Amino acid sequence: MTAEVTVTGTRQREAWLQRVMPPVEQLDQELWSIPVPIPQNPLRYVSVYAFGTGAGLVLIDAGWGSEQSWRSLLAGLESIGAGTGDVRGVLLTHLHYDHVGLAGRIRQASGAWIAMHPADHSVLARTDYRRAELAVALEAEFLSGLGASAAEAAAAVGTAAEWEKYAAMALADRLLTDGELADVPGWKLRAVHTPGHTPGHLCFVDERSRRLFSGDHVLPRITPNISVQRATPPDPLGDYLDSLARTRDLDVDEVLPAHEWRFRGLAERVDAIAAHHERRLAELLAAIRRRPGATPWQLAGDLTWSRPWDQYSGQMRIFAVTETAAHAHQLERRGLVTVSPGRPPVYAAGSLPRD
Ligand SMILES: [Zn+2]
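Parameters at a glance
Residues numbered from 1 in each chain as written. Predicted model: local features only at pLDDT ≥ 70, side-chain atom pairs only at ≥ 80, totals over all residues. Heavy atoms only, no water. Axes fitted to C-alpha atoms, helices over the stretch in contact; angles between N-to-C directions. Helix = DSSP H or I, 4+ residues; strand = E, 2+ residues; numbered from the N terminus. Parallel < 35°, antiparallel > 145°, perpendicular 65-115°, else oblique. Contact = heavy atoms within 4.5 Å. Nonpolar A, V, L, I, M, F, W, Y, C, P; charged D, E, K, R; others polar. Pairing = 2+ DSSP bridges. Phe/Tyr/Trp six-rings, centres within 6.5 Å; stacked < 30°, edge-to-face > 60°. Buried < 20%, exposed > 50% of the residue type's maximum accessible area, 1.4 Å probe, protein only. Lys NZ or Arg CZ within 6 Å of the ring centre and 35° of its normal. Expected span 1.5 Å × (residues − 1). Arc of directions from axis to C-beta. Donors = N, O, S within 2.8 Å, 3.2 Å for Na, K, Ca; no water. Tetrahedral: all angles 85-135°; square planar, octahedral: opposite > 155°, others 65-115°. Salt bridge = Lys/Arg side-chain N within 4 Å of Asp/Glu carboxyl O. Left-handed = near helix turned anticlockwise from the far one by under 90°. Core = buried A, V, L, I, M, F, W, Y, C linked by side-chain atoms within 4.5 Å.

1. Notes on the packing of helix α11 (residues 266-290) against helix α13 (residues 314-333)
Running from N to C, α11 and α13 point in directions that differ by 85 degrees, and their axes come no closer than 10 Å. Judged on the interaxial angle alone, α13 and α11 are roughly perpendicular. Contact residues: α11 offers H277, R280, L281, L284, L285 and I288, while α13 offers E323, T324, H327, A328, Q330 and L331. Per-class residue counts for the contact of α11 with α13 are 6 nonpolar, 4 polar and 2 charged.

Laid out in structure tokens, this is it:
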């Protein structure tokens, strides 16, 4: 069953089908969508939203941190008669590099403030995130804890040099929590905390124009990766399903996501995504029944993915395993499986006897 959503970003969707970048679009008198490419990534681009405030622009998200992305953002701003110097602030939906990557460079060029949710800010600010050698070692250890061999873990995490760009991501000057109004003069942009994809993911509702800027929380075609991560809350899928329930009935007309295209039909899309996770949970439960005593690393290979499992390498394999672990954890929370103590955890179907 697929979601009955209505595509409103028809030019974005057409561009997707033609495998080209969508255009910069003016969505309202003082609102633009600027696609910023993500080089060599199947997501292709982040839509940066630019709000005119009468005294400069405020952006939602910044784009991937590369030279090509930077030039695209500059060209996009130029096409709406602005430059980086006009940016007053950057609201970040979450800590991922395709959203935060250019934020520091924008701040350098303009003195703009950067705002994000405290839960994501504290991940980026951790010493063991900002010191690449340490981060890479701990990430590998974390994957070993899910059942990867040392070699698999090291290969999947990559090198400290590759981690440097994450270690250098901009930290926020301002923190925004659930229910707060963002500092965007002329707009009524309220932050909605939607943990799951990351612990501090934020959506923004513009209460005047009834738009939901959904970041990666709700996307029209794909579902965001929901994964256990090192040093973040243990049940991201439970958090995500709660966040979906909280956003389902928001009083909005249109959803403006960070990837893919704009659409109408928030409740339908939320229901479809929640149903997808229920199917995944059922599939994983069946896999655990077939192979009791398996680790998340092993179970991931038992599930169906969009391409054959042996084609999953590096970051893709990490996402698949950590997402499997998130589902296994949720099954355990529901009392459907038991987990052995120790590392790596191994799962068995059934509940613990209770007295
Ligand atoms: Zn993203």
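2. Comments concerning the sheet that holds strand β4 (residues 45-52)
Taking strand neighbours across the sheet as the criterion, the 7 strands line up as β2-β3-β4-β5-β6-β7-β8 in an open arrangement whose pairing is mixed. Among the strands making up the open sheet, the edge pair consists of β2 (25-28) and β8 (174-175). Relative to β4, strand β3 (residues 31-37) runs antiparallel, the two being bridged by 7 bridges. Paired with P37 across the strands is Y45, a residue of β4.

3. Notes on the packing of aromatic side chains
One pass over the full model with this rule turns up 12 aromatic pairs. Where Y129 meets W163, the ring centres are 5.3 Å apart and the plane angle is 65 degrees; that geometry is what we call edge-to-face. Of this pair, Y129 sits in helix α6 (residues 127-130) while W163 sits in helix α9 (residues 160-167), and the two are 34 residues apart along the sequence. We classify Y129 as buried; its relative accessible area is 11%. On the accessibility criterion, W163 (9% relative accessible area) is buried. Connected via pairs of aromatic rings, a cluster forms that spans W64, Y97, Y129, W163 and Y166. Sitting over the ring of W16, R44 keeps its end group 3.7 Å from the ring centre.

4. Regarding helix α2 (residues 67-79)
The α-helix winds at 3.6 residues per turn, so residues separated by three or four positions along the chain end up facing the same way. Helix length check: α2, at 13 residues, gives a terminal C-alpha distance of 18 Å against a target of 18 Å (1.5 Å per residue), a fit within 8%. Looking only at α2, the buried set comprises S69, W70, L73, G76 and L77. The buried residues of α2 occupy an angular sector of 125 degrees when projected down its axis, which confines them to one face. Every exposed residue of α2 that faces more than 90 degrees away from the buried side is listed here: R71, E78 and S79. In this fold, the buried residues of α2 make contact with β3, β4, β5 (57-60), β6 (87-91) and α4 (103-110). Once α2 ends, the next one or two residues include G81, with phi positive near 80 degrees.

5. So, the coordination of the zinc ion
Each protein donor to the zinc ion is listed here as D98 (OD), H99 (NE2), D216 (OD) and H259 (NE2); together their distances run 2.0 to 2.5 Å. Here the zinc ion binds 4 donor atoms, and the angle range of 87 to 158 degrees at the metal identifies the geometry as irregular.

6. Considerations on the side chain of T247
When you line up the elements, T247 lands in helix α10 (residues 236-248). Each residue touching T247, except ones within four places of it in the same chain, is listed here: V192, T194, H217 and L266.

7. Concerning the pattern of salt bridges
Inspection of every chain in the model, using the stated rule, returns 22 salt bridges. R126 is the salt-bridge partner of D128, the closest N and O atoms lying 2.8 Å from each other. Assessed through its relative accessible area of 14%, D128 is described here as buried. Residue classification places R126 among the partly exposed positions, given a relative accessible area of 31%. Among the salt bridges present, the one from K188 reaches E207, with a minimum N-O distance of 3.6 Å. Of this pair, K188 sits in the loop between β8 and β9 (189-193) while E207 sits in the loop between β10 (202-206) and β11 (211-215), placing them 19 residues apart in sequence. Owing to a relative accessible area of 31%, K188 belongs among the partly exposed residues under this scheme. Beyond isolated ion pairs, a larger network of salt bridges with shared partners links E25, D28, R211, E254 and R262.

8. Quick look at the packing of helix α7 (residues 132-144) against helix α8 (residues 150-157)
Look at α7 against α8: their axes get within 9 Å of each other, and the N-to-C directions meet at 130 degrees. One element, α7, and the other, α8, form an angle in the oblique class. Both α7 and α8 take part in a crossing whose hand is right-handed. Residues V136, E139, A140, L143 and S144 of α7 lie in contact with α8, whose contacting residues are A153, A156 and V157. Its residues assigned to classes, the contact of α7 with α8 shows 6 nonpolar, 1 polar and 1 charged.

9. Side note on the nonpolar core
Counting residues in hydrophobic clusters, the biggest one holds 86 residues, and the most contacted among them are I34, L73, I80, I106 and L143. Here this core gets 8 residues from one element, more than from any other, and that element is α11. If we skip the residues at most four places from it in the chain, I34 touches V24, V46, S47, V48, A50, L73, G76, L77 and I80. Counting 19 residues, the second-largest nonpolar core is a separate cluster that includes L27, I60, L202 and L256.

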